[in-house]
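Residues per chain are reported as follows:
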Amino acid sequence: MKCHRPRVGPGRPFSSCWRPVPAAWRARAGEMLQEESDLSLLIAQIVQKLKGSNLYAQLERQAWASLQRPEIRLESLKEDIKEFFKISGWEKKLQNAVYSELNVYPLPSHPAAPPEHLKEPLVYMRKAQGSWEKRILKSLNSMCTELSIPLARKRPVGQQKELLNKWNEMGTDEPDLSLFRPVYAPKDFLEVLINLRNPNYENGDSLSFRTHLGLIQVPLKVKDIPELKECFVELGLNIGQLGIDDSTQVPPEFFENEHVRIGQKVLAEQDSAAAQQYIRQGSPTALRAELWALILNISSQPEDLLYYEQLKTNVIQHDLLVDSLIYKDVKLTASNDDYYFVFEDYLYQVLLCFSRDTSVLGHFAYNSASPPKSYIRGKLGLEEYAVFYPPNGVIPFHGFSMYVAPLCFLYHEPYKLYQTFREMYVRFFFRLHSISSHPSGIVSLCLLFETLLQTYLPQLFYHLREIGAQPLRISFKWMVRAFSGYLATDQLLLLWDRILGYNSLEVLAVLAAAVFAFRAVNLMEVTSLAAAEAVLADLSTLKVMPLLQIFLFATVT
Amino acid sequence: MSRPKNQSYKGHGLSKGKEREQRASIRFKTTLMNTVMDVLHNRPGWVEVKDEGEWDFYWCDVSCLRENFDHTYMDDHVRISHFRNHYELTRKNYMVKNLKRFRRQLEREAGKPEAAKCDFFPKTFEMPSEYHLFVEEFRKHPGITWIMKPVARSQGKGIFLFRRLKDITDWRQDTRSSDDQKDELPVENYVAQRYIENPYLIGGRKFDLRVYVLVMSYLPLRAWLYRDGFARFSNTRFTLSSIDDQYVHLTNVAVQKMSPDYHPKKGCKWMLQHFRQYLASKHGPQVVEALFSDMDNIFIKSLQSVQKVIISDKHCFELYGYDILIDQDLKPWLLEVNASPSLTASSQEDYELKTCLLEDTLHVVDMEARLTGKEKRVGGFDLMWNDGPVSREEGAPDLPGMGNFVTNTHLGCVNDRKNQLQQLFRSLQSQKKASS
């Protein structure tokens, strides 16, 4: 969310900036009026959103129930109810919900902007995403035709019973998946991004300081290190961090104990915004599950469990082609991971339900992607018979299950795990595989990574380019998976803490650059792409926070 | 500020006199062909001797023990990797006997609560000698599951589960008849043990923990605990309905390797650090501390129970592999103690763990006579018991009952052994220079 309020510099005496300049004053007043109307538009939008939510119904119920209370008087009904909400913690819940909306939904740029602009303002990006989607759907349909398997079918009762019995151990099933292929892999997606061009931007053939020497050729605005330092100020050298200041050499009295105490306080207050600020310095292991739930504004209500059970019923009743893709992905990736193999069963329980969840369709309002449409057999082209396929509109690709795997470390009831994953997906992960100009979108992340490398490690960048080992070819897979499966679990969770804390995925690109910086000496000696891959094959020993801190705050710029 | 003389602080026992001479090279012998061989070969100044050559160090198989102890005279400085009668601890029937006896002794001397600390092994009966006692217990708890284990075999061989007496009376007939036919086969002893029906599950799977304990002497008892270890997962989901499925219940890697579900790439092991982190994120650090200190208790009490029985020989040391099972109430149970824990590596990570484990074992054994004897930590080993509990604090007197006594064990914690060893040897070198 962009904040339109102007920043006031520290220490500037009021008198020195108070010079009555009529024109500027009028412009400022105009700005403020615009802000006012923006704000009221935003408020209207959020109220609209929340009116349909469960919270609204609960607040209404609470308000009615509070009429019984002695302190509520008819003369001052509004104020008394407000006071009651404040004391009972309901105001806090409302605050958290509003904060959550602000985090997730982008500010409308102009009241008259059409909905596609909310998805993606740039036309050429929208077009590219559209044609990529067509390709994916074509691939899915052709697999369908080749194997003569319907996209969806109702399961016979016998099979339904069997699946229900085996629900907690679907991993023991070994269906024949040899004919299925993943619809696409990250490297296919990278090729599409490499070919992205802005038709209004003519780079010209001659090399200049504007030339992009990397793979991404679109001119999006990305931050440089001074801007990143400002943005990630809590990662600075003189601020305590979990992941650095909780190591064995540092006595816990220095930082860790106090940080844990503050974390417990934040949880007691149930304040979403405070939790988000707090977690920028990392979350203690014991508090992480609750903190993430607070930040993502997930409160496990009985309705949520019911909703999950409903999804489970949907899975049992209908068999989707997408299910086989999910099985294959889990078997190929998570099951082969040294640490995540244990959670195989949970992954099926989450991903199969995820693909049936139509509430996920809501996120396409701000996702440049659109859910694929399919038609009931024989009714091709007839809009009344169009359905979204899969029901949640998300087609999994190779490695998709790795988004869920680290969460199994934190949540153990399937429905809680499910809720957290769904929220993480509609806030963050979707940006890693759709084409958009958003600063946290994968295109911007790639460009940020390449720019950082080119600017601050020019020799390394040039060397790798010369030997045909464009750095993005190696780091792309890390970023698409948000480093899941590449880092040790505890390090990964510290990284994801910061994603939540800053509500941005830019930290992934910074980390990727920091990894290259860390292994620069070895990389300077390699002479082929394969050798470069080998140097960067094993990230499991890396400590994420020192790398980020050194790259941002201790590199001579 | 000079440190007050600490009479209660004891060194961890080093060789004296002639043994402390520096040797030009150390001659080693080993019958094992795996990680042990690599580590011994890579140790600077160590040379292998074969067959009948004289040796200073022998990492041997348990089967070679008898000939060594009975026929060879060992110089003072010589070291061998087993105690002569280690089976008092490592054979299931002997261990149970020793533990029961120790428990009774504790009850007499220190009362019921202290004796209750020994309740970490499930009810066990020797077969066939305690068959009638077993039947009595069996009848008291109808419907529970029991496990029958041969006392002296490893890798999960010969183990089966049962719920009905009929299952074992049949088996008894079989073994009896086979004995009659083949007199040369030794009568194999078994133990019947109460099966733990509510193991702690991760991802729906059962697992057990392998922990390494190095004992340098029994009288006095000196034991070191290694920080690393691993959790071994069963490949299939745990359910009590399939007691015939050996693969579900037995978590030995050897058995799992035979399971049809086994995919070698998986490895089905978690490092203890990962396991500890997982538990901490689920239950919080205090609960995890309590669990690990209960495990410390298992190691100490089990060693104490055989302390007086094991033939104390200064030439001997032993690296034990403890198998621990955690139940759903986070209580640890001792399954067994192995005198020859497998040192073959199942993966790269495993290879590194075992190599470091062996290197550090050799550092503690200290054939090169570098240590002073006052160390509380050598590489990944922490001195856990030194004729009494050892405190984590530096320089503090090792007296329990002091308010802030924390035991010197770090199981599943960060193992920065390389750094520690560097610092240790550097300071030892400078100490030596200073004193020479």
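This one's a predicted model, so the numbers in the text were calculated from it and none came from an experiment.

Quick notes on the sheet that holds strand β3 (residues 57–59) of chain B
All names here are of chain B. Pairing is parallel across the open sheet formed by four strands, whose spatial order is β2-β1-β3-β4. Of all the strands in the sheet, just β2 (46–48) and β4 (79–80) have a single pairing partner and so form its edges. Sheet topology note: the β3/β4 ladder contains two bridges and is parallel. Among the inter-strand pairings, F57 is bridged to a residue of β4, identified as R79. In the packing of helix α1 (residues 35–42) onto the sheet, contacts are made with β1 (26–30), β2 and β3, and the angle to β1 comes to roughly 170°. Of the strands in this sheet, β2, β3 and β4 touch helix α12 (residues 348–365), which is tilted by about 145° from β3.

As for the nonpolar core
Core analysis: the largest hydrophobic core is formed by 250 residues, its most contacted members being F421 of chain A together with W270 of chain B. Y131, V135, M148 and Y190 of chain B belong to the second largest nonpolar core, which has 14 residues in total.

Examining the interface of chain A and chain B
Counting from both sides, the interface comprises 23 residues of chain A and, opposite them, 23 residues of chain B. Buried area between chain A and chain B, both sides added, is near 2,200 Å², and the carbon and sulfur share of it is 55%. Ranking the residues of chain A by area buried against chain B places Y339, F341 and F409 of chain A at the top, with a combined share of 30%. The tally of links between chain A and chain B comes to one salt bridge. At the boundary of chain A with chain B, the tally comes to six residue pairs in polar contact (both at pLDDT 80 or more).

Overview of the packing of aromatic side chains
Scanning the entire structure with this criterion turns up 56 aromatic pairs over all chains. Taken together, a centroid distance of 4.9 Å and an interplanar angle of 75° make the contact between W132 of chain A and Y184 of chain A edge-to-face. One end of the pair, W132 of chain A, is in helix α7 (residues 123–147); the other, Y184 of chain A, is in the loop between α8 (157–165) and α9 (186–194), and 52 residues separate them in sequence. Exposure remark for W132 of chain A: the relative accessible area of 4% places this residue in the buried category. Pairwise contacts between aromatic rings join W132, Y184, F189, F354, F397, F400, Y403, F421, Y425, F429, F476 and W496 of chain A into one cluster. Directly above the aromatic system of W90 of chain A lies the positively charged group of K93 of chain A, at a separation of 4.4 Å from the ring centroid. Across from the ring centre of F230 of chain B, 4.0 Å away, lies the NZ or CZ of K269 of chain B, which sits over that ring.

A closer look at the packing of helix α20 (residues 471–480) of chain A against helix α22 (residues 506–518) of chain A
Working note: a packed helix pair is described by the angle between its axes plus the distance between those axes. Residues and elements named next belong to chain A. Two elements in contact, α20 and α22, have axes whose closest approach is 10 Å; the angle formed by their N-to-C orientations is 130°. In terms of orientation, α20 lies oblique with respect to α22. Both α20 and α22 take part in a crossing whose hand is right-handed. Facing P471, I474, S475, W478 and M479 of α20, the residues of α22 in contact are L508, A509, A512, V515 and F516.

Quick word on a nonpolar patch on the surface
Residues and elements named next belong to chain A. Residues W64, L67, L74 and L77 make up a contiguous nonpolar surface patch of about 460 Å² in total accessible area. Its location among the elements puts W64 in helix α3 (residues 54–66). On the basis of relative accessibility, which here comes to 62%, the residue W64 falls in the exposed class.

Concerning the pairing of strand β16 (residues 381–386) of chain B
All names here are of chain B. Among the six residues of β16, six are classified as buried, and the element is accordingly described as predominantly covered. Across two bridges, the pairing between strand β15 (residues 377–378) and β16 is antiparallel. Within β16, the position partnered with R377 by the bridge is D382. In sequence, β15 turns back onto β16 through a hairpin of two residues, with G379 there showing a positive phi of about 65°.

Observations concerning the confidence of the model for chain A
Residue and element names in this part refer to chain A. Looking at chain A, pLDDT values average 85 and 90% of them are 70 or higher. Taken element by element, the predicted model of chain A shows its lowest mean pLDDT in helix α1 (residues 14–17) (41) and its highest in α22 (96). In the model, residues 1–20 has pLDDT below 50 throughout and makes ten contacts with residues more than four positions away in sequence or in other chains.

Some thoughts on helix α11 (residues 256–269) of chain A
All names here are of chain A. Spanning 14 residues, α11 covers 20 Å between terminal C-alpha atoms, matching the ideal 20 Å at 1.5 Å per step. Inspection of α11 places H259, G263, V266 and L267 among the buried residues, and these make up the whole buried set. One side of α11 holds all its buried residues, which, seen down the axis, span an arc of 95°. Among the exposed residues of α11, those pointing more than 90 degrees away from its buried face are K265 and A268. Of the residues trailing α11, Q270 is marked for its positive phi of about 55°.

Some words on the environment of Y226 of chain B
Residues and elements named next belong to chain B. Positionally, Y226 belongs in strand β11 (residues 222–237). Linking Y226 and L214, residues twelve residues apart in sequence, is a C-alpha distance of 7.8 Å. Other than its neighbours up to four places away in sequence, Y226 contacts Y212, L353, C356, L357, D360, G380, F381, L411, N415 and R417. A polar atom in the side chain of Y226 sits 3.4 Å from the backbone nitrogen of L357. Engagement of the side chain of Y226 in a polar contact is seen with the side chain of D360, the distance being 3.4 Å.

Considering the sheet that holds strand β8 (residues 190–194) of chain B
Residues and elements named next belong to chain B. If you walk across this open sheet you meet the four strands as β5-β8-β6-β7, and the pairing is antiparallel. The open sheet has two edge strands with one neighbour each: β5 (124–127) and β7 (160–162). Ignoring which end each strand starts from, the neighbouring axes of this sheet average 25° apart. In this structure, strand β6 (residues 146–150) lies alongside β8, joined through five bridges in antiparallel fashion. The residue of β8 that forms the bridge with W146 is R194. In the packing of helix α4 (residues 92–110) onto the sheet, contacts are made with β5, β6 and β8, and the angle to β5 comes to roughly 130°. Across the sheet, helix α6 (residues 131–140) touches β5, β6, β7 and β8, and the angle it forms with β5 is around 145°.

Quick notes on the pattern of salt bridges
Applying the stated criterion across every chain yields a total of 42 salt bridges over all chains. A salt bridge links K477 of chain A to E533 of chain A; the shortest N-O distance between them is 3.4 Å. Of this pair, K477 of chain A sits in helix α20 while E533 of chain A is found in helix α24 (residues 529–535), placing the two residues 56 residues apart along the sequence. When the shortest N-O distance is used, the salt bridge between R276 of chain B and E289 of chain B registers 3.6 Å. Residue R276 of chain B is found in helix α10 (residues 272–283), and its partner E289 of chain B is found in helix α11 (residues 285–306); the two are separated by 13 residues along the sequence. Since its relative accessible area comes to 13%, R276 of chain B is described here as buried. Sharing partners across several salt bridges, the network here consists of R153, R155, D319, D323 and R356 of chain A.

Rules and cut-offs
- Residues numbered from 1 in each chain as written.
- Chains lettered and ligands numbered in written order.
- Predicted model: local features only at pLDDT ≥ 70, side-chain atom pairs only at ≥ 80, totals over all residues.
- Heavy atoms only, no water.
- Pairing = 2+ DSSP bridges.
- Helix = DSSP H or I, 4+ residues; strand = E, 2+ residues; numbered from the N terminus.
- Contact = heavy atoms within 4.5 Å.
- Axes fitted to C-alpha atoms, helices over the stretch in contact; angles between N-to-C directions.
- Core = buried A, V, L, I, M, F, W, Y, C linked by side-chain atoms within 4.5 Å.
- Buried < 20%, exposed > 50% of the residue type's maximum accessible area, 1.4 Å probe, protein only.
- Buried area = accessible area lost by both parts, 1.4 Å probe.
- Salt bridge = Lys/Arg side-chain N within 4 Å of Asp/Glu carboxyl O.
- Polar contact = N/O pair within 3.5 Å; in protein donor to acceptor, adjacent residues only side chain to side chain.
- Phe/Tyr/Trp six-rings, centres within 6.5 Å; stacked < 30°, edge-to-face > 60°.
- Lys NZ or Arg CZ within 6 Å of the ring centre and 35° of its normal.
- Parallel < 35°, antiparallel > 145°, perpendicular 65-115°, else oblique.
- Left-handed = near helix turned anticlockwise from the far one by under 90°.
- Patch = residues over 30% accessible without salt bridge, like charges linked within 9 Å, V, L, I, M, F, W, Y side chains within 5 Å.
- Areas by Shrake-Rupley, 256 points an atom, 1.4 Å probe, with all protein chains shown as cover.
- pLDDT = per-residue confidence, 0-100.
- Expected span 1.5 Å × (residues − 1).
- Arc of directions from axis to C-beta.

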